[in-house]
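Secondary and tertiary structure notes
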Amino acid sequence: MTHVEDELNSQPECWTRAAAEAAGLGGVLPEPGERIAVVGCGTSYFMAQAYAALREGSGRGETDAFAASEFPHGRAYDRVLALSRSGTTTEVLDLLGKLKGRTPTTALTADPNTPVMTTADELVVLDYADERSVVQTRFATTALTLLRAHLGLHTDAVVADARTALADDLPEGLVECGQFTFLGRGWTVGLANEAGLKMREASLAWTEAYPAMEYRHGPISITTSGTATWMFGEAPEGLAEQVHSTGGLWIEGRLDPLAELVRAQRLAVAVAAARGLDPDRPRHLTRSVILTP
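Figured I'd write up the structure that's included with this text. (Residues numbered from 1 in each chain as written. Predicted model: local features only at pLDDT ≥ 70, side-chain atom pairs only at ≥ 80, totals over all residues. Heavy atoms only, no water.)

A count of helices and strands for the chain gives 10 helices and 9 strands. Expected size for 293 residues packed as a compact globule is a radius of gyration near 19 Å; at 18 Å, the chain falls within 12% of this value. Sequence separation of 24 or more characterises 71% of the internal contacts of the chain that already satisfy a separation of 6 or more. Of the roughly 12100 Å² of accessible surface on the chain, 50% is carried by carbon and sulfur atoms. (Helix = DSSP H or I, 4+ residues; strand = E, 2+ residues; numbered from the N terminus. Rg over C-alpha atoms; globule rule 2.2 N^0.38 Å. Contact = heavy atoms within 4.5 Å. Areas by Shrake-Rupley, 256 points an atom, 1.4 Å probe, with all protein chains shown as cover.)

Mapped onto the secondary structure, threonine 2 falls in the segment before α1 (3–9). Here threonine 2 falls in the buried class, since its relative accessible area comes to 18%. Residue contacts for threonine 2: discarding those within four places in its chain leaves Asp278, Pro279 and Asp280. (Buried < 20%, exposed > 50% of the residue type's maximum accessible area, 1.4 Å probe, protein only.)

Moving on to the nonpolar core. Residues Leu146, Phe180, Phe182, Leu191 and Phe232 are the most contacted members of the largest nonpolar core, which totals 64 residues. The leading source of residues in this core is helix α10 (residues 257–274), at 9 residues. Ignoring anything within four residues of it in the chain, the contact list for leucine 146 reads Ala18, Glu21, Ala22, Leu25, Leu29, Leu108, Val124 and Leu126. (Core = buried A, V, L, I, M, F, W, Y, C linked by side-chain atoms within 4.5 Å.)

Under the defined criterion, the tally for this structure stands at 7 aromatic pairs. With 6.0 Å between their ring centres and 85° between their planes, phenylalanine 66 and phenylalanine 71 make a pair best called edge-to-face. No difference in accessibility class separates phenylalanine 66 from phenylalanine 71, as the two residues are buried. Between tryptophan 230 and phenylalanine 232, the ring centres sit 6.0 Å apart and the planes meet at 20°, which makes this aromatic pair stacked. Relative accessible area serves as the criterion here: at 1%, phenylalanine 232 is assigned to the buried category. Here arginine 35 stacks its cationic end above the ring of tyrosine 77, 4.7 Å away from the centre of that ring. (Phe/Tyr/Trp six-rings, centres within 6.5 Å; stacked < 30°, edge-to-face > 60°. Lys NZ or Arg CZ within 6 Å of the ring centre and 35° of its normal.)

Taken as a whole and assessed by the stated rule, the structure comprises 13 salt bridges. Where arginine 254 meets aspartate 168, a salt bridge forms, and the shortest distance between an N and an O atom there is 3.5 Å. With arginine 254 in the loop between β9 (249–251) and α10 and aspartate 168 in the loop between α7 (156–167) and β6 (179–184), this residue pair connects regions lying 86 residues apart in the sequence. Classification of aspartate 168 as partly exposed rests on a relative accessible area of 30%. Between arginine 263 and glutamate 260 there is a salt bridge whose closest N-O contact spans 2.9 Å. A residue pair is termed a helical-turn pair when its members lie 3 or 4 positions apart in one helix, as arginine 263 and glutamate 260 do in helix α10 at 3 residues. Exposure class is identical for arginine 263 and glutamate 260. Each is buried. (Salt bridge = Lys/Arg side-chain N within 4 Å of Asp/Glu carboxyl O.)

Running from N to C, helix α2 (residues 11–21) and helix α6 (residues 138–150) cross one another at 30°; their axes reach a closest spacing of 8 Å. Relative to α6, α2 is oriented roughly parallel. Helix-helix and strand crossings are classified by hand; for α2 and α6 the assignment is right-handed. In contact with Gln11, Cys14, Trp15, Ala18, Ala19 and Glu21 of α2, α6 contributes Arg138, Thr141, Thr142, Thr145, Leu146 and Ala149. (Axes fitted to C-alpha atoms, helices over the stretch in contact; angles between N-to-C directions. Parallel < 35°, antiparallel > 145°, perpendicular 65-115°, else oblique. Left-handed = near helix turned anticlockwise from the far one by under 90°.)

Okay, helix α8 (residues 188–203) next. Between its first and last C-alpha, α8 extends 22 Å over 16 residues, near the 22 Å set by a 1.5 Å rise per residue. In terms of burial, α8 is largely enclosed, as 15 of its 16 residues are buried. Phi turns positive one or two residues past the end of α8, at leucine 204, with a value near 55°. (Expected span 1.5 Å × (residues − 1).)

A sheet is described by the order of its strands in space; here 4 strands give the open sequence β7-β6-β8-β9, paired in parallel fashion. Lying at the two open borders of the sheet, with one neighbouring strand each, are β7 (206–211) and β9. Averaged over all adjacent pairs, the angle separating strand axes in this sheet is 20°, with direction ignored. Bridge analysis of β6 against β7 gives 6 bridges, and the strand direction is parallel. Within the sheet, the bridge partner assigned to phenylalanine 180 lies in β7 and is threonine 207. The strands touched by helix α9 (residues 239–246) within the sheet are β6, β8 (227–231) and β9, with β9 carrying the most contacts at an inclination of about 155°. Against the sheet, α10 contacts β6, β8 and β9, and its axis sits at roughly 155° relative to β8. (Pairing = 2+ DSSP bridges.)

The next thing to look at is the sheet that holds strand β1 (residues 36–40). Overall, parallel pairing links the 5 strands, which are arranged β2-β1-β3-β4-β5 in an open sheet. Sheet topology places β2 (63–67) and β5 (122–125) at the edges, where each strand pairs with a single neighbour. The average angle at which neighbouring strand axes cross in this sheet is 20°, direction not considered. Docked against the sheet, helix α3 (residues 43–57) engages β1, β2 and β3 (79–84), running at close to 170° with respect to β2. Of the strands in this sheet, β1, β3 and β4 (105–109) touch helix α4 (residues 90–99), which is tilted by about 160° from β3.

Below, the structure written as structure tokens:
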């Protein structure tokens, strides 16, 4: 078993632990009414997108998500929340350093023994969700579970769905597809983006991701026999039928969207295996991007 397989299989246990910890993080994680920005790079940026949509959509306050390198320094925020598995990502550390003494910051990380310990004002450590694999799975979803639980939006049903996602077979014919499109709405757009990234990282697959209502505005033109379109959450009316009419494979999101992401992680590993690739050794990637001056 690869590291990434072992780590993605441990997600239900990690989510249960994170959800239990969320209630004790008042004053460290964003409070209702605060205007906040959430930042990250790669997978962490997509988790930031999902959390931002969840938080603002649930009435907790204005919430923006940015790639750390694209943070708008001209805007005022009550707090900036940074997601960084390694605690060493250059863009995140640079941003936290610039915000020091000006804007309160909280970092959510897997390893406190890294520079993020001193660059962030507050630290939340999910060391039990740390990973050996370059390809992120459990840290990202555990961080989002913690944040989701802090908003009161996590239930035991989410963990049950994750166990189902790990146990059930993938849809027939899915691994053999040559192109994959992931769709989301609201907070699940970030999950769709992350599903596409997992496929590119682990299996070098041709993948795209869009807000579901944007799919008709051009991207559906690539859909045909041998392609797959996977919906995270409830699909717009009529979209499944349109995809079926192209000859493409439609995958309905029947589980909690975060559990659907676990299914997509499994797909990435399965496609990698079918192509003779090692998902623990993705091409051109390292566990953390550390830039030298």
